[in-house]
There are 2 protein chains.
Amino acid sequence: MLASFIDVAPGSDFPLDNLPYGIFAPRSAAPRVGVALGELVVDLGALEAAGLFADLPLGSDGPVFDVPTLNHFLALGRPSWDAVRARLQHLLAAETTTLRDEAELRERVFHRQSEVTMHLPMQVGDYTDFYASREHATNVGTMFRGAENALQPNWTHLPVGYHGRASSIVVSGTDIRRPVGQRRPETEGSTPAFGPSRHLDFELELGFVIGGGNALGTPVAIDDAAEHIFGLVLVNDWSARDIQAWEYVPLGPFLGKNFATTVSPWVVPLAALEPFRVAPPPQEPTPLPYLQTDAPWAFDLDLEVDLQTASMDAPHPITHVNARRLYWTAAQFVAHHTVGGCNLRPGDLLGSGTVSGETLDNAGCLLERTWRGTRPLTLPNGETRAFLDDGDRVVLRAHAERGALRIGFGEAGGTVLPAAD
Amino acid sequence: MLASFIDVAPGSDFPLDNLPYGIFAPRSAAPRVGVALGELVVDLGALEAAGLFADLPLGSDGPVFDVPTLNHFLALGRPSWDAVRARLQHLLAAETTTLRDEAELRERVFHRQSEVTMHLPMQVGDYTDFYASREHATNVGTMFRGAENALQPNWTHLPVGYHGRASSIVVSGTDIRRPVGQRRPETEGSTPAFGPSRHLDFELELGFVIGGGNALGTPVAIDDAAEHIFGLVLVNDWSARDIQAWEYVPLGPFLGKNFATTVSPWVVPLAALEPFRVAPPPQEPTPLPYLQTDAPWAFDLDLEVDLQTASMDAPHPITHVNARRLYWTAAQFVAHHTVGGCNLRPGDLLGSGTVSGETLDNAGCLLERTWRGTRPLTLPNGETRAFLDDGDRVVLRAHAERGALRIGFGEAGGTVLPAAD
């Protein structure tokens, strides 16, 4: 573990080894780029203005950090990302005096996280959501098509994915308005039901933030994926199961998903997770060559979902699952997404799809967790939940840990508001 | 028909009554907003710089027209759109001397279309594609599920749609690289085939460009749709049918579509099409109230697809269909898209889905036109086409006509390049 002159409490998500990037606004000031360190935010706009990055390869198109989005920085590519990370770890190290001993500069550079407002870290040009958890795809397939036909024939050959909605991606802390929409008619052929969704759900996902893009028509080779994946976030792909079930044939989910997607405010750089990269589960059948790599693209990350209803005093963990279970990997997402020529752009978000564990107790959404609502959860205060009620707050968390080293994601949380009148 | 001091040939797509907006770059100059008039482009950046819009409600955030995208203008809303259109029709009218008699100003304001480069008219934040032609949905459904089950139960109750890919939207004239990808295995359970798509197709669509957006969580009432729809473009949603057929269950089309989507460079304002707005086909069953309006949201527009192979001297029309046949309307797209709270943003693109006619001779894609390739087209030079070959050029056109008044869209064209090595 690296030592900083800034105090980082044991168990903090944000040691000097992490340094996740986000967009924050100090009180009554414009949003800019920062990294989290312990309970502080380090203002990269202020460091840039102080000339502390002047010798780094940050291009010549104006400020990279005193801007309200990570996209400029993401577009610079891995050599720049690595150079900035190395510089930050140097400037913030216990023995480096540049900041440590300059009270006035420290005043400008450090803010308390509790006193800033976090914004969406990047402008998402396109959001793609995959379906990479074998357990999730199997559970959902079993519910809808029976155990014999749970996985479609394509599922083991390619990472199934689809295009999500970019406009409704919101940062953690944004309230989620329960969507209104059509539901399947009670009797076949009659008028569809209409009203607030009755089956509102969360989806626990890992998100991969694209840094370097690729030109239209030029695929990314799987072994170049690390040049294109900047970092990871938590994603809650809120879902209205009743709206989704009625609308989704034959073109896929639409209004059942596009009312909101929550992401965590801090983008954990791939570099911070290097110690926690592990081999993914074996793939059988072996995928086509463009999807093969020996690189360890699974992440040994503990994921957790907490639920707190309006009448509970504290959040209650309802799911624990490790992300290393995911069958398809982020490198495969990138190789598959681009193999036909589709272009990714800096700031694009690739979701893993719901991450579910081996048993339903560790499923990444209520649809599975309560088996379509037939086996409601019982909470510590005696309340039960088949799906989400108004006032429920759902928080996703993630961290990797080995010995004293802990790399955390902070949280991606949101509270359900009643449907609009 | 309005008279201009600029000559507009009879049969031109671009009389003074049209004035479609686009982004053009004069030789070695930066892209900016223009409108088409006859064979010219009128430089709105130059008019803005000359102060000719100074009294109009164009906000105070800097230039609206001397910028490389329509998004700034789109965001201003209908009162601004109407004011600019009225000003342009005045400034360009036969009797108005402001430009007509000022040689130096005219020099700066008018460019020949043949001497400028057209760019994508707007930055598309999100692209949604609907499935609004009953004939198209019925034909495709019949192929895949049989005539009895051609339309899914939801189809007559809501405009089925899905999220497309924004990053790969290109302007007319951009070459289209044939995509590579997986195809269904020859025998069930074996390894998928992999290589260049063998079933490359076009899709003839109308596109609706969103002007005013809505806040997340706040639906747009159907009778407010005209405040949100700025104008129309042609869309060719290129499709690789073999890639699509293998990948699309259960989450919808992905790589089969996201390698490229071509749009026409000129956005025809809704205002120019007022004389051609007609009642859509009757909807039975009556849709839910949020999808009901008496406003005439169908467009009496003739759509045409021309095909020219590498060995043909001239394009050959292969499909004619009128857009008024579309079952679901643009106002219904907007009302449905937002009913659950999803936010639209200025520059968003809503595609109609393939527009097909009553017979297969007038289908809007080759999948239908050749019935999955089983009834190839014969072209005038004796060549046949089941799907598109390398070197084929596909051009979409559209116009509305009544007496001497003609409102045209120009073209949306693209040529198929061989797959990358």
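Please refer to the structure higher up on the page.
Residues numbered from 1 in each chain as written. Chains lettered and ligands numbered in written order. Predicted model: local features only at pLDDT ≥ 70, side-chain atom pairs only at ≥ 80, totals over all residues. Heavy atoms only, no water.

Participant: Explanation requested: the overall build of chain A in the structure shown.
Facilitator: Tallying secondary structure elements over chain A gives nine helices and 26 strands in all. For the C-alpha atoms alone, the extent of chain A along its principal axes is close to 70 × 50 × 40 Å. Long-range pairs, those at least 24 residues apart, make up 71% of the contacts in chain A with a sequence separation of at least 6. Accessible surface, chain A: about 15100 Å² in total, of which carbon and sulfur atoms supply 49%. Within chain A, the 51 negative side-chain charges are centred at a point lying 3 Å from the centre of the 31 positive side-chain charges. (Helix = DSSP H or I, 4+ residues; strand = E, 2+ residues; numbered from the N terminus. Contact = heavy atoms within 4.5 Å. Areas by Shrake-Rupley, 256 points an atom, 1.4 Å probe, with all protein chains shown as cover. Lys, Arg positive; Asp, Glu negative; His and termini not counted. Charge placed at Lys NZ, Arg CZ, Asp CG, Glu CD.)

Participant: Is there a simple way to think about the nonpolar core in this case?
Facilitator: In a soluble, globular protein the nonpolar side chains are often hidden away together inside. In this structure, A:Leu273, A:Leu301, A:Leu303, B:Leu273, B:Leu301 and B:Leu303 are the most contacted members of the largest nonpolar core, which totals 158 residues. The residues touching A:Leu303, leaving out its near neighbours within four places in the chain, are A:Leu204, A:Leu206, A:Leu234, A:Thr319, A:His320, A:Val321, A:Ala323, A:Val355, A:Arg397 and A:Ala398. Among the nonpolar cores identified, the runner-up in size contains 45 residues, and B:Phe5, B:Leu40, B:Phe230 and B:Val267 belong to it. (Core = buried A, V, L, I, M, F, W, Y, C linked by side-chain atoms within 4.5 Å. Buried < 20%, exposed > 50% of the residue type's maximum accessible area, 1.4 Å probe, protein only.)

Participant: How should I be thinking about the packing of aromatic side chains in this particular structure?
Facilitator: Each aromatic ring pair is described using two quantities: the centre-to-centre distance and the angle formed by the ring planes. Residue and element names in this part refer to chain A. What the rule picks out here adds up to 34 aromatic pairs over all chains. Between the aromatic rings of Phe5 and Phe110, the centroid separation amounts to 6.1 Å while the plane-to-plane angle is 85 degrees, which identifies the pairing as edge-to-face. One end of the pair, Phe5, is in the segment before strand S1 (21-25); the other, Phe110, is in strand S4 (residues 110-112), and 105 residues separate them in sequence. Overall, the relative accessible area of 16% leaves Phe5 in the buried class. Given the relative accessible area of 13%, Phe110 is considered buried. Linked through ring pairs, Tyr21, Phe53, Phe65, Phe73, Trp81 and Phe230 together constitute an aromatic cluster. Sitting over the ring of Phe144, Arg372 keeps its end group 4.4 Å from the ring centre. (Phe/Tyr/Trp six-rings, centres within 6.5 Å; stacked < 30°, edge-to-face > 60°. Lys NZ or Arg CZ within 6 Å of the ring centre and 35° of its normal.)

Participant: Would you mind going over the relation of the copies chain A and chain B with me for this structure?
Facilitator: Two copies of one chain are present, and they are related through a rotation about an axis combined with an axial shift. Between the two copies, chain A and chain B, the superposition gives an RMSD of 0.0 Å; the rotation angle is 180 degrees and the shift along the axis is 0.0 Å. Viewed as a symmetry operation, the transformation between the two copies matches a two-fold axis. Across chain A, the rotation axis passes nearest the C-alpha of A:Gly252, at a separation of 2.2 Å. Most of the interface of chain A is mirrored in chain B, where 98% of its interface residues are also at the interface. (Least-squares fit on C-alpha atoms with pLDDT ≥ 70 in both.)

Participant: Would you explain the pattern of salt bridges in this entry?
Facilitator: Close approach of charged atoms lets side chains of opposite charge pair. Under the counting rule described, the total for this entry stands at 56 salt bridges over all chains. Across the pair A:Arg385 and A:Asp392 runs a salt bridge, and its minimum N-O distance is 2.7 Å. By relative accessible area, which is 0% here, A:Asp392 ends up buried. Between B:Arg324 and B:Asp300 there is a salt bridge, with the nearest N and O atoms lying 3.8 Å from each other. Taken as a pair, B:Arg324 in the loop between strand S21 (316-322) and helix H8 (330-339) and B:Asp300 in the loop between strand S19 (298-299) and strand S20 (302-308) lie far apart in primary sequence, 24 residues in all. The class for B:Arg324 is partly exposed, based on a relative accessible area of 37%. Here the residues in one salt-bridge network are A:Asp201, A:Glu203, A:Asp237, A:Arg241 and A:Lys257, joined through shared partners. (Salt bridge = Lys/Arg side-chain N within 4 Å of Asp/Glu carboxyl O.)

Participant: Can you walk me through the sheet that holds S20(B) in this structure?
Facilitator: Strand pairing in a sheet is mediated by backbone hydrogen bonds. Such pairs are either parallel or antiparallel. All names here are of chain B. Read from one edge to the other, the open sheet built from five strands follows the order S9-S26-S25-S20-S21, with strand pairing classed as mixed. The sheet terminates laterally at strand S9 (176-177) and S21, the two strands that pair on one side only. In terms of strand pairing, S20 meets strand S25 (residues 393-402) through seven bridges, oriented antiparallel. If you follow Asp306 over to S25, its bridge partner there is Val395. (Pairing = 2+ DSSP bridges.)

Participant: What is the right way to look at the sheet that holds strand S25 (residues 393-402) of chain A in this model?
Facilitator: Residues and elements named next belong to chain A. Taken in spatial order, the five strands make up an open sheet running S9-S26-S25-S20-S21, and their pairing is mixed. One side of each edge strand has no neighbouring strand; the edge strands of this open sheet are strand S9 (176-177) and strand S21 (316-322). Sheet topology note: the S25/strand S26 (residues 405-417) ladder contains nine bridges and is antiparallel. Bridge assignment links Leu396 to a residue of S26, and that residue is Ala412.

Participant: Looking at this model, I keep getting lost on the interface of chain A and chain B. Mind explaining?
Facilitator: Size of an interface, as often reported, equals the accessible area lost when the parts are brought together. Residue-level contacts link 54 residues of chain A with 54 residues of chain B. Where chain A meets chain B, there are four salt bridges. A salt bridge links A:Asp348 to B:Arg165, with the nearest nitrogen and oxygen atoms 2.7 Å apart. Seen at the junction of chain A and chain B, the total is 28 residue pairs in polar contact (both at pLDDT 80 or more). Going through the elements one at a time, strand S6 (127-130), strand S7 (161-163), strand S10 (180-183), helix H7 (241-247) and helix H8 (330-339) of chain A are the ones with two or more residues in the side of chain A that touches chain B. Residue composition of the side of chain A that touches chain B, by class: 28 nonpolar, 20 polar and six charged. (Polar contact = N/O pair within 3.5 Å; in protein donor to acceptor, adjacent residues only side chain to side chain. Nonpolar A, V, L, I, M, F, W, Y, C, P; charged D, E, K, R; others polar.)

Participant: Looking at this structure, how should I read unusual backbone geometry?
Facilitator: Among all residues save glycine, negative phi is the norm, and among peptide bonds the norm is trans. Residue and element names in this part refer to chain B. Here the amide bond leading from Val249 into Pro250 is cis, since omega sits at -5 degrees, within 30 degrees of zero. Mapped onto the secondary structure, Pro250 falls in the loop between helix H7 (241-247) and strand S16 (261-263). Although it is not a glycine, Ser28 adopts a positive phi angle of roughly 50 degrees. Locating Ser28 in the fold gives a position in the loop between strand S1 (21-25) and strand S2 (32-37). Of the residues examined, Ser28 reaches a relative accessible area of 82% and is grouped as exposed.

Participant: Looking at this structure, I do not really get a negative patch on the surface. What am I missing?
Facilitator: Residues and elements named next belong to chain A. A grouping of Asp223, Asp224, Glu227 and Asp294 is seen on the molecular surface, where their side chains present a negatively charged patch. Mapped onto the secondary structure, Asp294 falls in the loop between strand S18 (277-278) and strand S19 (298-299). Residue Asp294 is classed as exposed on the basis of its relative accessible area of 82%. (Patch = residues over 30% accessible without salt bridge, like charges linked within 9 Å, V, L, I, M, F, W, Y side chains within 5 Å.)

Participant: Looking at this model, I keep getting lost on the pairing of S26(A). Mind explaining?
Facilitator: Consecutive residues of a regular strand have side chains that alternate between opposite faces of the sheet. Residue and element names in this part refer to chain A. Most of S26 is tucked away: eleven of the 13 residues are buried. Looking at chain direction, S9 and S26 are connected through two bridges and run parallel. In the sheet register, Arg177 faces S26, and the bridge partner there is Leu417. The antiparallel hairpin formed by S25 and S26 contains two residues in its connecting segment, where Gly403 sits at a positive phi of about 60 degrees.

Participant: Teacher, can you tell me more about the environment of B:Phe276 here?
Facilitator: Residue and element names in this part refer to chain B. Position of Phe276 relative to the elements: it lies in the loop between strand S17 (268-269) and strand S18 (277-278). For Phe276, a relative accessible area of 1% puts it in the buried group. In this structure, the C-alpha to C-alpha distance between Phe276 and Leu301, residues 25 residues apart in sequence, is 7.4 Å. With residues up to four places along the chain from it excluded, the contact list for Phe276 reads Ala298, Phe299, Asp300, Ala400, Glu401, Arg402, Leu405 and Ile407.

Participant: Explain the environment of B:Ile176 to me, please; I cannot follow it from the model alone.
Facilitator: Residues and elements named next belong to chain B. The topology assignment puts Ile176 in strand S9. The exposure class of Ile176 is buried, given its relative accessible area of 1%. When the C-alpha atoms of Ile176 and Phe110 are compared, they prove to be 31 Å apart, with 66 residues separating the residues in sequence. When residues no more than four places from it in sequence are discounted, the contact partners of Ile176 are Val170, Trp238, Phe259, Ala260, Thr262, Thr415, Val416 and Leu417.

Participant: For this particular structure, what's the right way to read helix H3 (residues 78-91) of chain B?
Facilitator: Two residues of an α-helix separated by three or four positions point the same way, owing to the 3.6 residues in each turn. Residues and elements named next belong to chain B. Under the 1.5 Å per step criterion, the end-to-end length of H3 is 20 Å for 14 residues, consistent within 8% with the ideal 20 Å. Among the 14 residues in H3, ten count as buried, and that is most of the element. Every buried residue belonging to H3 is among Arg78, Ser80, Trp81, Ala83, Val84, Arg85, Arg87, Leu88, Gln89 and Leu91, and all of these are buried. (Expected span 1.5 Å × (residues − 1).)

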